[in-house]
Amino acid sequence: MEENRILQLCRKRRSVRTFEDRPLSKEQTDEIRQFIEAMEEPFHAGVFFRFLNREEYGLSAPVLKGEPAYITICAKKGPYGDVAAGYAGEKLILHLCGMGLGTVWIGGTMDREAFTKASALSEDEMMVCITPVGVPAAKMSLRENLMRKGVKSDRRFAMPAIFQEEDSLHPALQDALYIAALEAVRLAPSAVNKQPWRIVHDSEGFHFYLERSLKKTEECDMQRVDLGIALYQFCAGLEEKNQDFRIVIEPKEREGLEYIASVIAE
Ligand SMILES: Cc1cc2nc3c(=O)[nH]c(=O)nc-3n(C[C@H](O)[C@H](O)[C@H](O)COP(=O)(O)O)c2cc1C
């Protein structure tokens with residue numbers, strides 16, 4: 001059986017920091033704008049995007065080379081803005097990957113003030129992250145190579161480190177649907193590749209937690225963004241197989257973990 005498309009995209013996606021120095025075509029720009037306009041996310045946290053041409057706005061980021069444009073990922077200020085930005089942002093990033101375009105989540109290594117200003121936000125809005133968008137260059141820059149090695153970007157934890165089974169009657173890892181969805185989470189990108197997602201499965205559903213390993217900054221909580229990304233990759237796997245589900249926020253305390261949300265299959 002052919003592997004599902006979402007999982008294929010999750011395997012194909014990697015952070016791209018070196019681009020062919022040429023603009024996007026009109027068709028590509030139009031498709032991106034349409035996708036952005038139709039974006040929906042389950043937390044209703046007012047996520048929106050700004051598409052910014054590099055030259056027009058005079059922007060740059062030190063880790064990037066040759067990028068023609070950026071998309072800033074923004075949300076209304078509120079308790080789930082960061083998680084929702086992760087969810088919707090990853091939906092966009094996987095779509096761009098499917099179009100053959102390169103992206104990378106950037107929450108730290110950029111001039112946050114300049115990108116926030118270019119995003120023209122109102123008082124009750126925040127810029128969460130940015131991504132460049134463009135055609136990936138055939139060869140990574142030296143800096144990109146070093147960055148990948150520095151944070152061991154090609155490594156991921158094995159499943160037992162991130163997933164805990166508490167439903168002995170219906171173990172998720174015996175069901176192809178959940179194997180694929182959990183594998184998609186395992187492959188997800190995360191800030192400094194910390195992979196902070198922890199998932200507990202019980203008879204009710206899948207509960208997503210954050211095991212914090214990075215401090216939150218004043219502007220944004222990157223590890224809650226990571227959890228939004230993981231939730232999207234999990235849910236996209238279910239959606240693709242027409243498995244109905246809902247996302248609920250019904251906190252269940254666990255020592256050493258921060259509860260984020262649960263996915264309940266229906
Ligand atoms: C929320 C978030 C923030 C990130 N911030 C940065 C950043 O500021 N600069 C950067 O170069 N990469 C950043 N990254 C990219 C990660 O380093 C990268 O996803 C991770 O090393 C895994 O590599 P991969 O995306 O190629 O699989 C960020 C990723 C996420 C998810």
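Treat the numbers as computed from the prediction; the structure is a model and nothing was measured.

1. Brief notes about the packing of helix 1 (residues 5-12) against helix 8 (residues 176-186)
No. 1: Where helix 1 contacts helix 8, the two axes come as close as 9 Å, and the packing angle between them is 20°. Put simply, helix 1 runs roughly parallel to helix 8. As helix 1 packs across helix 8, the resulting crossing turns out to be left-handed. Along its contact with helix 1, which presents Ile6, Leu7 and Cys10, the element helix 8 presents Ala180, Glu183 and Ala184.
No. 2: For the contact of helix 1 with helix 8, a count of residues per class yields 5 nonpolar, no polar and 1 charged.

2. Some details on the pairing of strand 6 (residues 206-210)
No. 1: Among the 5 residues in strand 6, 4 count as buried, and that is most of the element.
No. 2: When strand 5 (residues 197-201) meets strand 6, the two strands line up antiparallel, connected through 5 bridges. Residue pairing in the sheet places Arg198 in a bridge with Tyr209 of strand 6.
No. 3: Counted between consecutive antiparallel strands, the loop separating strand 5 from strand 6 contains 4 residues.
No. 4: The sheet contact formed by strand 6 and strand 8 (residues 258-265) spans 5 bridges and is antiparallel. Residue pairing across strands places Phe206 opposite Val263, the latter belonging to strand 8.

3. Let's talk about the packing of helix 1 against helix 9 (residues 222-240)
No. 1: Helix 9 packs onto helix 1 with a crossing angle of 150° between their chain directions and a minimal axis gap of 8 Å. Taken together, the axes of helix 1 and helix 9 are roughly antiparallel relative to one another. Residues Arg5, Ile6, Leu7 and Cys10 of helix 1 pack against Gln233, Ala236, Gly237 and Glu240 of helix 9.
No. 2: Here the residues of the contact of helix 1 with helix 9 sort into 4 nonpolar, 2 polar and 2 charged.

4. Observations regarding the domain arrangement of the protein
Interfaces are frequently sized by the accessible area removed from exposure as the parts join.
No. 1: With domains assigned, the protein is organised as domain 1 (5-146) and domain 2 (152-265).
No. 2: Listed by contribution, the elements that provide at least two residues to the side of domain 1 that touches domain 2 are helix 1, helix 4 (81-98) and strand 3 (125-133).
No. 3: Considered class by class, the residues forming the side of domain 1 that touches domain 2 number 11 nonpolar, 3 polar and 6 charged.

5. Quick notes on the site of the ligand
No. 1: Residues in close proximity to the ligand total 22 residues, the closest being Ser15, Trp105, Gly108, Ser153 and Pro189.
No. 2: Top element by residues in the shell around the ligand is helix 9. It accounts for 4 residues.
No. 3: Considering only residue class, the shell around the ligand consists of 13 nonpolar, 7 polar and 2 charged.
No. 4: Per-domain counts for the shell around the ligand show at least three residues from each of domain 1 (5-146) and domain 2 (152-265).

Thresholds, definitions, all that
The written sequence of each chain sets the order in which its residues are numbered from 1. Residues qualify for local features only when their pLDDT is at least 70, as the model is predicted, and side-chain atom pairs are given and counted only at 80 or more; totals for whole chains, interfaces and linings, by contrast, use all residues. Every angle, taken between N-to-C directions, lies between 0 and 180 degrees, and every axis is a line fitted to C-alpha atoms, over only the stretch in contact when it is a helix. Helix and strand definitions follow DSSP, with helices as H or I runs of at least four residues and strands as E runs of at least two, each counted in order from the N terminus. Roughly parallel covers angles under 35 degrees, roughly antiparallel covers those over 145, roughly perpendicular covers 65 to 115, and oblique covers all other angles. If you view the pair so one helix is near and one far, a crossing is left-handed when the near helix is turned anticlockwise from the far one by less than a right angle, and right-handed when it is turned clockwise. By the criterion used throughout, residues are in contact when their C-beta atoms, derived from the backbone, lie within 7 Å. Classes in brief: Ala, Val, Leu, Ile, Met, Phe, Trp, Tyr, Cys and Pro nonpolar; Asp, Glu, Lys and Arg charged; the others, Gly included, polar. Put simply, a residue is buried when 20 or more other C-beta atoms lie within 10 Å of its own C-beta and exposed when 12 or fewer do; between those, it is partly exposed, and each C-beta is set from the backbone. Only strands joined by at least two bridges in the DSSP assignment are considered to pair. Where each domain starts and ends comes from a domain assignment, either automatic or drawn from a database. Using a C-beta atom placed from the backbone, a residue is scored as near a molecule or strand whenever that atom is within 6 Å of it.

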